[in-house]
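A look at the structure
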Amino acid sequence: MSRHEASFEIDSKADSYAARRMLEQVYDTIREESRSVREKADDADELLEEFRTLRDAAKRPASGRLTIIYEQHDDFSE
């Protein structure tokens, strides 16, 4: 398994706005993909809810850190 991590320090309104826009885009992408690929599967709904929570939290400007972790598993099955 490979692991990739990126952290973004949010310490200004511009940083907060950039994080918010990024999370909005991720949420919109996941929403669209879950509609076309998974047809309302339970796991897609849970994933979408988690990203909705992140997106909504980013609407309130605040300092902090946004960390994205991507773990790539060696076994891929469709």
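Report on the accompanying structure. Keep in mind that this is a model prediction, so the values were computed, not measured. (Residues numbered from 1 in each chain as written. Predicted model: local features only at pLDDT ≥ 70, side-chain atom pairs only at ≥ 80, totals over all residues. Heavy atoms only, no water.)

1. So, the packing of aromatic side chains
Taken as a whole and judged by the stated rule, the model has zero aromatic pairs. The residue whose ring lies beneath R55 is Y27, and the NZ or CZ to ring-centre distance is 4.1 Å. (Phe/Tyr/Trp six-rings, centres within 6.5 Å; stacked < 30°, edge-to-face > 60°. Lys NZ or Arg CZ within 6 Å of the ring centre and 35° of its normal.)

2. A word on the side chain of S16
Structurally, S16 can be placed in helix 1 (residues 13-38). Given a relative accessible area of 9%, S16 falls into the buried group. When neighbours within four sequence positions are excluded, S16 is seen to be in contact with I10, A58, P61 and A62. (Helix = DSSP H or I, 4+ residues; strand = E, 2+ residues; numbered from the N terminus. Buried < 20%, exposed > 50% of the residue type's maximum accessible area, 1.4 Å probe, protein only. Contact = heavy atoms within 4.5 Å.)

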